[in-house]
Amino acid sequence: MPAGLNRALLTVAGAVIAIILAIAISSVAITAAGASPIDAFAAFFDFGASERAQSNGIAAFINRAVPLFIAGLAVAVGFRMNLFNIGVEGQYRLAAICAAYVGSTFTAPAPIQIAVIIVVAAAVGGLYALIPAVMKVTRGVNEVIATIMLNYIAINLTSYLVRGPFAGERAAGQLTTTTPELPESAMFPNLNFVFELFGLLPPTRGGGVWGFLLVAIVLGIVIWVVLERTRFGFNVKASGLNGPAALASGIDSKKMIIAAMVMSGSIAGLIGLPEILGDKGAFNSNFTAGLGFLGIAVALLGRNKPVGIAVAALLFAFLDRAQGALQIANVPPSVITIIQGVIVLLVVVANEVTNRLALRLEEQRAAQELGRKQPVEVAA
Amino acid sequence: MSADTLATAKFPAVELEGITKRFPGVVANHDIRITVQAGTVHAIVGENGAGKSTLMKILYGMQKPDEGSIRVDGKDVSFRTPSDAIEVGIGMVHQHFMLADNLTVLENIVLGAEPKKDVRLDTAGARKRINALAASHGLRVDPDKLVEDLGVGDRQRVEILKVLYRGARILILDEPTAVLVPQEVEELFQNLRELKAEGLTVIFISHKLDEVLDIADAITVIRRGTTVASLPRSEVTSARQLAELMVGSELPTPETRESTVTDRVAFKVEDLTMEADGYRPAPKGTPVRTYVEKLRAEGKRLLLDDVSFEIHEGEILGIAGVEGNGQSELIEAIMGIRPAHGTIRLGEHDISAWSTLKRRESGIGYIPEDRHRQGLLLEASLWENRVLGHQTRKPARSGIWVDRSASKRDTARIVKDYDVRTPSVDTLALALSGGNQQKLIVGREMSGAPKFLIAAHPTRGVDVGAQAAIWDHLRNARAAGLAVLLISADLDELIGLSDTIQVIYRGRLVAALDPSDITPERLGGYMTGAIAGTEET
């Protein structure tokens with residue numbers, strides 16, 4: 001379909017321009033911070049001197065992208081319906097600790113053990129997202145405010161749980177509190193063999209390349225299918241594009257709000273699992289935070305589409321990985337945050353511009369093919 | 001008149017020439033020509049949707065015309081924002097007041113144009129000016145009262161003062177009487193006459209003809225986005241003459257009156273009632289009628305007041321009424337979008353408790369009054385718009401999936417049968433003209449063999465060709481046994497298509513009329529409540 005291709009090309013062009021501009025603006029910031037932009041950008045591509053270090057760098061990059069991708073998907077499901085689930089942060093943390101705890105209480109064959117953990121995580125995330133959804137449909141509470149407030153509750157609740165009811169044994173000399181260790185059967189096999197296929201040394205740090213990557217890919221495909229091909233996805237799209245029209249067409253907006261919120265929360269519940277099942281084997285007080293908020297940026301960047309979100313997650317992970325390399329290059333690593341922020345802002349602007357341009361082009365094309373005059377012509 | 005006003009009177013206060021404004025898909029204004037003389041009240045009349053509001057937005061700088069020129073006091077002007085319009089002395093009083101309730105009258109008037117003494121608000125200076133303005137124009141208000149304590153008439157005076165305070169010499173009043181009771185209308189007209197005597201120019205937008213005849217010095221009629229007549233008041237002999245200009249006499253005369261009405265009731269509404277302040281279920285065991293009487297006794301405002309009617313297979317029931325008298329609420333109640341008391345029956349079924357989806361599935365079609373708001377996903381393709389409202393039925397549905405190929409095929413059928421001009425079924429809906437969008441909607445709503453169709457303003461904002469086509473489709477469907485509820489502001493459309501006409505006024509059906517012996521003028525009398533309702537048929 002040439003119209004769709006046109007739109008896709010425009011989008012890509014917009015994103016490329018935005019990224020180039022972001023690099024230019026960040027260079028100013030880096031210079032202002034007293035470092036050399038060239039060193040900084042070189043550091044992004046510096047995966048280390050030894051082969052082992054390079055493998056580890058690549059693994060860290062992919063491992064970072066996986067939870068970001070899932071977080072982006074979680075946020076996007078809400079965004080598609082104009083629901084702003086800012087609560088992904090709280091949902092995934094609460095889900096992660098509950099799943100880690102439940103998983104540690106029993107031992108079963110690996111597939112069952114892992115499946116139970118995944119189901120628990122999705123259920124906790126979904127239930128926690130149900131709260132703002134119910135508040136919205138019964139009392140009209142704005143979901144942005146409700147989810148922000150619930151984030152605080154979730155974050156503090158997890159801190160309490162990890163110290164109190166869900167705390168496991170603390171090894172001597174360890175400073176972090178943690179949930180009980182998961183049994184061996186809960187650990188997701190890693191994908192280090194891929195490195196060997198390519199003749200590279202397998203990564204050693206952080207549990208190698210997390211096998212949860214496969215689950216994330218399947219999840220992405222499933223979500224694409226649900227959103228693009230099913231009636232449910234059509235209802236989500238219609239509600240997001242035009243609420244009153246959806247209502248008049250018999251789409252129950254309350255049911256849709258609840259369904260979309262719970263779906264978003266369930267996906268959010270999985271964000272913490274790659275780290276727990278791939279590396280840590282428990283939820284501890286060092287657990288990676290902030291993925292839910294980053295997910296908002298990733299979803300925006302990826303235009304709420306699974307493929308776009310994957311690209312955005314890879315981009316963010318690529319930037320995040322350079323933390324250490326930047327420090328070695330004597331550049332403050334906070335430039336990463338600056339670059340990410342600038343990219344998001346510029347891409348949002350670029351999206352808006354390309355979107356309008358694409359719509360205008362579509363109108364003109366339709367007008368031309370019908371042999372009419374162009375819809376808007378400016379008089380002399 | 002002072003020498004000053006005489007000097008400016010050499011030129012017309014406002015001249016619009018060849019104003020054309022297109023929106024994607026629709027031409028809202030086309031070659032508008034209006035000359036407003038200084039120191040007069042100039043009325044612009046037209047049906048709802050004729051393009052009055054767009055024109056005023058252009059004149060007030062809220063929208064840019066695609067073509068044409070605007071001259072104010074003989075000078076060419078071009079507005080980018082309302083501030084540009086204010087600059088040359090044009091002020092607008094909006095239909096919906098734009099006042100801050102929790103501020104005083106004085107604060108509201110100066111808001112955005114605050115007089116400053118150093119950095120402080122010069123309250124004393126502002127009060128002096130407001131009082132002077134109020135006294136010279138006979139606009140009594142207490143500057144220190146809170147706006148929330150004011151009545152509607154007072155609020156309107158505040159709006160007018162606000163505009164005058166900014167130095168406006170040309171006032172645009174958009175449907176100013178829509179919210180007023182008759183006594184307040186008389187008071188407003190007194191104020192307008194005083195403004196006129198001061199040499200100010202008033203542009204008065206309305207569709208209430210008797211009021212226009214009362215106040216205007218000159219009248220311009222707009223129909224279908226263009227000016228069809230401009231007359232001085234003295235040349236207008238009757239409201240009827242204006243009404244004819246407004247609705248147009250070249251419209252098709254009532255068609256073959258061959259009745260296709262059967263004796264089988266397809267759709268029936270009984271005692272439909274809706275409160276203005278939110279639905280509360282009637283106590284168990286209380287009949288609706290008793291409950292409604294109780295509501296009335298309590299002095300509750302009712303948006304729908306005991307509405308009952310039935311439509312037979314093959315019958316078109318037209319609902320006439322001035323907009324805002326309960327038409328939208330009636331539609332929403334029938335579609336199940338807004339809860340209401342009373343019973344709704346489709347064929348044998350009592351559908352009062354059904355969801356919107358179930359109502360649609362069981363054979364109710366709906367051509368919405370505002371297609372962009374309720375009828376289309378503008379940023380989705382035509383075939384996706386075909387699925388909308390049919391997402392649970394064949395051909396759009398296939399289990400949990402949307403059947404894309406069947407939907408596309410069926411969209412192609414609609415495109416062909418209903419003459420929707422489009423490059424393909426993958427084109428986005430927003431790329432189509434208004435008429436083609438509407439034909440798509442009509443085609444969609446006629447799909448799946450509906451038993452009952454709500455057609456709300458089915459030809460609003462579409463060109464003449466599409467209008468005729470849509471009428472044909474409605475007539476054919478009626479001949480095939482469809483029951484249609486037609487709601488329209490176009491009186492010729494109502495008279496021409498309907499088998500029966502009911503008039504809705506303040507939420508009540510006040511008259512049942514036979515379209516074969518009714519004139520637009522008499523219908524207008526019923527619609528405005530000027531003629532008390534009598535059952536004629």
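It should be emphasised that the depicted structure is a prediction, and the values quoted were computed from it without experimental measurement.

(A) Focus on the overall build of chain A. Helices and strands together make up the secondary structure of chain A, namely 16 helices and 0 strands. Relative to a compact globule of 380 residues, whose C-alpha radius of gyration would be 21 Å, chain A shows 23 Å and is just as compact. Dimensions along the principal axes, computed over C-alpha positions, put chain A at roughly 85 × 55 × 40 Å. Here chain A holds 380 residues, and 49% of them are scored as buried. For chain A, the proportion of contacts with a sequence separation of at least 24, taken over those separated by at least 6, is 75%. Accessible surface, chain A: about 17100 Å² in total, of which carbon and sulfur atoms supply 68%. For chain A, the distance from the average site of its 24 positive side-chain charges to the average site of its 19 negative ones is 10 Å.

(B) Fine view of the overall build of chain B. Counting its regular elements, chain B contains 19 helices and 24 strands. Projected onto its principal axes, the C-alpha positions of chain B cover 75 × 55 × 50 Å. When burial is assessed residue by residue, chain B has 53% of its 537 residues classed as buried. Residue pairs at least 24 apart in sequence account for 69% of intrachain contacts in chain B once pairs closer than 6 positions are excluded. For chain B, the computed accessible surface area is about 22500 Å², with 50% contributed by carbon and sulfur atoms. Measuring between centres, the 66 positive side-chain charges of chain B sit 4 Å from its 77 negative side-chain charges.

(C) Quick peek at helix H5 (residues 110-139) of chain A. Residues and elements named next belong to chain A. Over its 30 residues, H5 runs 43 Å from end to end, which matches the ideal 44 Å to within 8%, given 1.5 Å per residue. At Ile 131, H5 shows its largest bend, some 25°, and a proline, Pro 132, comes one to four positions later. Where H5 terminates, the next one or two residues include Gly 140, which has phi positive at roughly 70°.

(D) Structural view of the interface of chain B and chain A. Contacts between the two partners involve 39 residues from chain B and, on the opposite side, 33 residues from chain A. Each partner contributes to the roughly 3200 Å² buried at the junction of chain B and chain A, and carbon and sulfur atoms together form 61% of this total. At the junction of chain B and chain A, the tally comes to 1 salt bridge. Glu384(B) serves as the salt-bridge partner of Lys237(A), at 2.7 Å between the closest nitrogen and oxygen. Remark: the boundary between chain B and chain A carries 10 residue pairs in polar contact (both at pLDDT 80 or more). Listing elements by their share of the side of chain B that touches chain A, those giving two or more residues are helix H12 (356-361), helix H13 (371-375), helix H14 (382-387) and strand S20 (401-402) of chain B.

(E) Main features of the sheet that holds strand S9 (residues 170-174) of chain B. Residues and elements named next belong to chain B. Pairing within the open sheet is mixed, and its 6 strands lie in the order S6-S9-S10-S3-S11-S12. The open sheet has two edge strands, strand S6 (90-93) and strand S12 (226-232), and neither has a second partner. Ignoring which end each strand starts from, the neighbouring axes of this sheet average 20° apart. Relative to strand S10 (residues 201-206), S9 runs parallel, the two sharing 5 bridges. Opposite Leu 171, over in S10, you have Val 202 as the bridge partner. Sitting on the sheet, helix H2 (residues 52-59) is in contact with strand S3 (41-45), S6, S9, S10 and strand S11 (218-223), with an inclination near 155° to S10.

(F) View of the packing of aromatic side chains. Summed over all chains, the structure comprises 12 aromatic pairs over all chains. Where Phe45(A) meets Phe318(A), the ring centres are 5.2 Å apart and the plane angle is 55°; that geometry is what we call tilted. Taken together, the residues span a long stretch of sequence, with Phe45(A) in the loop between helix H2 (37-44) and helix H3 (51-79) and Phe318(A) in helix H14 (residues 306-321) at a distance of 273 residues. Residue Phe318(A) is classed as buried on the basis of its relative accessible area, which comes to 17%. Ring geometry for Phe189(B) versus Phe204(B): centroids 5.8 Å apart, planes at 70°, classification edge-to-face. Residue Phe189(B) is located in helix H7 (residues 182-197), and its partner Phe204(B) is located in strand S10; the two are separated by 15 residues in the primary sequence. Overall, Phe189(B) belongs to the buried group, its relative accessible area being 1%. On the basis of relative accessible area, Phe204(B) is assigned to the buried category, the value being 0%. Here the aromatic residues Phe41(A), Phe44(A), Phe45(A), Phe61(A) and Phe318(A) are joined through ring pairs into a cluster of three or more. A cation sits over an aromatic face here: Arg129(B) above Tyr165(B), 4.3 Å from the ring centre. Positioned over the ring face of Trp354(B) is Lys358(B), at 4.2 Å from the centre of the ring.

(G) Summary view of the nonpolar core. Ranked by internal contacts, the top residues of the largest apolar core, which has 108 residues, are Ile70(A), Ile267(A), Leu273(A), Leu277(A) and Leu326(A). It is H3(A) that provides the largest number of residues to this core, a total of 13 residues. Leave out the neighbours within four places in its chain, and Ile70(A) touches Phe212(A), Ala216(A), Leu219(A), Ile267(A), Leu270(A), Ile271(A) and Pro274(A). In terms of nonpolar packing, the next biggest core, distinct from the first, is built from 47 residues, Val93(B), Leu106(B), Leu139(B) and Ala216(B) among them.

(H) Highlighting the domain arrangement of chain A. All names here are of chain A. Taken domain by domain, chain A holds domain 1 (1-46 + 329-380) and domain 2 (61-321). Put simply, the middle of domain 1 and the middle of domain 2, counted by C-alpha atoms, are 28 Å apart. Taken together, the contact between domain 1 and domain 2 spans 16 residues of the former and 11 residues of the latter. Surface buried jointly by domain 1 and domain 2 totals about 1200 Å² across both partners, of which 65% is contributed by carbon and sulfur atoms. Taken as a group, Phe 44, Gln 340 and Val 344 account for 43% of the area that domain 1 buries against domain 2, more than any other trio of residues on that side.

(I) Layout of the pattern of salt bridges. Residues and elements named next belong to chain B. Under the counting rule described, the total for this entry stands at 37 salt bridges over all chains. Where Glu 313 meets Arg 264, a salt bridge forms, and the shortest distance between an N and an O atom there is 2.9 Å. Of the two residues, Glu 313 is situated in the loop between strand S14 (302-312) and strand S15 (316-320) and Arg 264 in the loop between helix H9 (239-247) and strand S13 (265-275); the sequence distance between them amounts to 49 residues. With a relative accessible area of 25%, Glu 313 lands in the partly exposed category. Residue classification places Arg 264 among the partly exposed positions, given a relative accessible area of 46%. Here the salt bridges do not stand alone but share partners, grouping Asp 271, Arg 289, Arg 296, Asp 305, Asp 306 and Arg 508 into one network.

(J) Representation of the confidence of the model for chain B within the structure. When the pLDDT values of chain B are averaged, the result is 83; 92% of them are 70 or greater. Below a pLDDT of 50 lies the segment residues 1-8 of chain B, which in the model reaches 4 contacts outside its immediate sequence neighbourhood of four places, other chains included.

(K) The pairing of strand S18 (residues 364-367) of chain B, seen in detail. All names here are of chain B. Burial along S18 is two-sided: the residues Ile 364 and Tyr 366 and Gly 365 and Ile 367 are all buried. One ladder, built from 4 bridges, connects S18 with strand S21 (residues 452-456); its direction is parallel. When the sheet's bridge partners are listed, Ile 364 is paired in S21 with Phe 452.

(L) Spatial organisation of the sheet that holds strand S17 (residues 349-350) of chain B. Residue and element names in this part refer to chain B. Read from one edge of the open sheet, 4 strands run S14-S13-S16-S17, paired in antiparallel fashion. Strand pairing shows two members of the sheet lacking a second neighbour, S14 and S17, which therefore form its edges. Looking at chain direction, S13 and strand S16 (residues 341-346) are connected through 5 bridges and run antiparallel. Bridging across to S16, Thr 273 finds its partner in His 341. Contacting S13, S14 and S16, helix H10 (residues 288-297) runs over the sheet at an angle of about 150° to S14.

(M) View of the packing of H3(A) against H14(A). Residues and elements named next belong to chain A. Between H3 and H14, the shortest axis-to-axis distance is 7 Å and the interhelical angle comes to 140°. It follows that H3 is oblique to H14 by the angle criterion. Crossing angle aside, the handedness with which H3 passes H14 is right-handed. In this structure, H3 uses Gly 57, Ala 60, Phe 61, Arg 64, Ala 65, Leu 68, Phe 69, Gly 72, Leu 73 and Ala 76 to contact H14, whose residues at the interface are Pro 306, Ile 309, Ala 310, Ala 313, Leu 314, Phe 316, Ala 317, Phe 318, Asp 320 and Arg 321.

(N) Broad picture of the confidence of the model for chain A. Overall, the prediction assigns chain A a mean pLDDT of 87, with 95% of residues at 70 or greater. Here residues 372-380 of chain A is modelled with pLDDT under 50, and outside its nearest four sequence neighbours on either side it reaches 19 contacts, counting other chains as well.

(O) Local environment of the domain arrangement of chain B. Under the domain assignment, chain B is made up of domain 1 (3-247), domain 2 (251-363 + 483-537) and domain 3 (364-448). For domain 1 of chain B and domain 3 of chain B, the distance between their C-alpha centres works out to 41 Å.

Rules behind the numbers
Residues numbered from 1 in each chain as written. Chains lettered and ligands numbered in written order. Predicted model: local features only at pLDDT ≥ 70, side-chain atom pairs only at ≥ 80, totals over all residues. Heavy atoms only, no water. Helix = DSSP H or I, 4+ residues; strand = E, 2+ residues; numbered from the N terminus. Rg over C-alpha atoms; globule rule 2.2 N^0.38 Å. Buried < 20%, exposed > 50% of the residue type's maximum accessible area, 1.4 Å probe, protein only. Contact = heavy atoms within 4.5 Å. Areas by Shrake-Rupley, 256 points an atom, 1.4 Å probe, with all protein chains shown as cover. Lys, Arg positive; Asp, Glu negative; His and termini not counted. Charge placed at Lys NZ, Arg CZ, Asp CG, Glu CD. Expected span 1.5 Å × (residues − 1). Bend = angle between axes of the 7 residues up to and from the residue. Buried area = accessible area lost by both parts, 1.4 Å probe. Salt bridge = Lys/Arg side-chain N within 4 Å of Asp/Glu carboxyl O. Polar contact = N/O pair within 3.5 Å; in protein donor to acceptor, adjacent residues only side chain to side chain. Pairing = 2+ DSSP bridges. Axes fitted to C-alpha atoms, helices over the stretch in contact; angles between N-to-C directions. Phe/Tyr/Trp six-rings, centres within 6.5 Å; stacked < 30°, edge-to-face > 60°. Lys NZ or Arg CZ within 6 Å of the ring centre and 35° of its normal. Core = buried A, V, L, I, M, F, W, Y, C linked by side-chain atoms within 4.5 Å. Domains from an automatic or database assignment. pLDDT = per-residue confidence, 0-100. Parallel < 35°, antiparallel > 145°, perpendicular 65-115°, else oblique. Left-handed = near helix turned anticlockwise from the far one by under 90°.

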